[in-house]
Number of protein chains: 2
Amino acid sequence: MVRIAIVGYGNLGKACEKIACTQDGFQLVGIFTRREPSSMKSPFGTAFYKQSDIENFKGKIDVLALCTGSANDLTDLGMRCAASFNTVDSFDTHARMRDYVTEMQRITTENGNLSFIGIGWDPGLFSLMRAVFGGVLPDGVSQTFWGRGVSQGHSEAVRRIEGVVKGIQYTVPKQEALDAARSGKGAELTTRDKHLRECFVVAAEGADKAEIERKIVTMPNYFDEYDTVVHFITEEEFDRDHGAMPHGGFVLRSGEVNGAHHSLEFALKLESNPDFTASVLMAYAKANARLFAKGVRGAMTILDIPAIALTDEDRTDYIAHTL
Amino acid sequence: MVRIAIVGYGNLGKACEKIACTQDGFQLVGIFTRREPSSMKSPFGTAFYKQSDIENFKGKIDVLALCTGSANDLTDLGMRCAASFNTVDSFDTHARMRDYVTEMQRITTENGNLSFIGIGWDPGLFSLMRAVFGGVLPDGVSQTFWGRGVSQGHSEAVRRIEGVVKGIQYTVPKQEALDAARSGKGAELTTRDKHLRECFVVAAEGADKAEIERKIVTMPNYFDEYDTVVHFITEEEFDRDHGAMPHGGFVLRSGEVNGAHHSLEFALKLESNPDFTASVLMAYAKANARLFAKGVRGAMTILDIPAIALTDEDRTDYIAHTL
């Protein structure tokens, strides 16, 4: 049994809670929140605690799953918690990964803890694929495509526009770019060339739809450099068709060995992005507890963690039926 | 530079030699063979040595790539070589994996060496995918499909039939089974249900083609339990269209997290099976040398080896641009 606790109670924290309460192998110590614990309710009757009280739980938690939202919150929280706990997080701010890994390495080493960083599907499984694909096929080109899936940041940007009642944005890989990548072409394609941004919007009564559309497609950083499609729909249609958070994507590598062509492809199709991310995070939380028990310490990414850490089975049995 | 030597000079050994001679980072010490070294010729001017003299090279080789053909040869060779060298092999006899790993673990530990076992694509990359997919999506079903690709064993079985001048057999995944697996169905499908066996045969002049076909499709163990298709073609067609050794396949996993459905898929398409297998083997030969230099000893499979061992780059740099 892994004694697990969760920090943060958004989509990801809730999904982790459900896994901890319904899958074998977890004992959920509680959820730490910045909100008032007495105001919180869980369908599983989980205990809520103040995030500021977390150090009082030192020695009572095997692994902390860090599920807070923004990048700043997460790095601050990670660096604080890694001094007292083993942690897993799905930190995904590419530009700050180097600093965060370096700092977490120092903190975990000084305190004898084990932290897993960037655990999810991208970063996470996609990173693992990029590493393995690049390693075994060095003379080649890797490409990543995302979608079809909901981008939270872009959806929020759409919803901030005046006259928008409800809005959601899907990132969609362009089929022709995917086909080019699969056949080993298109190495020069940019993220923009490879993806379409598709928006579904419920406009307020009497709102100027043409103006809403213009504001979306010309929005700097978010949409202006992409091909963007805007669909206006009714609130009923929105509620019926756009309540889920699907996502997915592809990692492709295409290259040559001794003059012969080879291609590798990893494809992910997710009905619920937060539930799948939580599943990866919780699987690696168990792996964290296993490796910690074996004496492993420090800050690790999915690239550092052997796949065999994902199982409780006897090593030889597992190899015999998996290899 | 990794000082590498190759044992065996069949398709796999030749492909490893070409990689060692054309890619950066290898210094090829030589090829060990059971044939008479003076009778051997290499397009790269590689030195050949008697396999029985291999122990004389102790201390002069960083990693030995074991590329002999049959399962018996390979386990005997592995257990002998692991006493004096670090080794990598693509041992693929599922039923004997447990014993081989156990024995190699004992030998490498006693002698302070590092052996990588079952390195290729199946076992190898496919094993890694089965482990990771199963780990992150525990409530699901995994399925492996092979092909379209040449099966050496089945091709040889076809060629042993009287009246067959040339013959080749392709294992072909059935599209409907693949579609069922992708949609999370077909868990009860057997290897037979999932694959078709397609043979291309050049018959001797005057041979009874109906009798050849009957002998193929009813051959016990090889074909009788499969759907088998036999095409008779001319020798010109055979030489023009069937000289390559393509292969590939799929690892699929489909399952649920918190009631939401998710699917993961790894697909491999290889123009040349031996060249790609050699590429994987040589990439892990470099990883072997890196981990050995860090003090790692024992017998490891692809499930035990972290992906980061596949690179020479500074760890933090590599994580920063790969994660």
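Since the structure is predicted, the reported quantities are computational estimates derived from the model, not experimental observations.

Novice: Would you take a moment to explain the environment of Arg197 of chain A for this structure?
Specialist: All names here are of chain A. Tracing the backbone shows Arg197 in strand β10 (residues 195–203). On the basis of relative accessibility, which here comes to 8%, the residue Arg197 falls in the buried class. A C-alpha to C-alpha distance of 42 Å links Arg197 and Asp312, two positions 115 residues apart in sequence. Each residue touching Arg197, except ones within four places of it in the same chain, is listed here: His154, Gln169, Tyr170, Thr171, Tyr222, Phe223, Tyr226, Asp227, Thr228 and Val229. A polar atom in the side chain of Arg197 sits 3.4 Å from the backbone oxygen of Tyr222.

Novice: Please explain the domain arrangement of chain A as it appears in this structure.
Specialist: Put simply, an interface is often sized by how much accessible area is lost when its parts join up. Residues and elements named next belong to chain A. Its domain assignment divides chain A into domain 1 (2–122 + 274–322) and domain 2 (125–266). Once you take the C-alpha centre of each, domain 1 and domain 2 turn out to be 28 Å apart. Taken together, the contact pairs nine residues of domain 1 with eleven residues of domain 2. Between domain 1 and domain 2, the buried area comes to about 870 Å², and carbon and sulfur atoms account for 68% of it. By the criterion of area lost to domain 2, the three top residues of domain 1 are Trp121, Asp122 and Ile302, representing 62% of everything that side buries. Our enumeration of links across domain 1 and domain 2 arrives at one salt bridge. Residue Asp122 is joined to Arg130 by a salt bridge in which the shortest nitrogen-to-oxygen separation is 2.8 Å. Connecting domain 1 to domain 2 are five residue pairs in polar contact (both at pLDDT 80 or more). Broken down by element, the residue count for the side of domain 1 that touches domain 2 peaks at three residues, all from helix α10 (residues 273–293).

What counts, and at which threshold
Residues numbered from 1 in each chain as written. Chains lettered and ligands numbered in written order. Predicted model: local features only at pLDDT ≥ 70, side-chain atom pairs only at ≥ 80, totals over all residues. Heavy atoms only, no water. Helix = DSSP H or I, 4+ residues; strand = E, 2+ residues; numbered from the N terminus. Buried < 20%, exposed > 50% of the residue type's maximum accessible area, 1.4 Å probe, protein only. Contact = heavy atoms within 4.5 Å. Polar contact = N/O pair within 3.5 Å; in protein donor to acceptor, adjacent residues only side chain to side chain. Domains from an automatic or database assignment. Buried area = accessible area lost by both parts, 1.4 Å probe. Salt bridge = Lys/Arg side-chain N within 4 Å of Asp/Glu carboxyl O.

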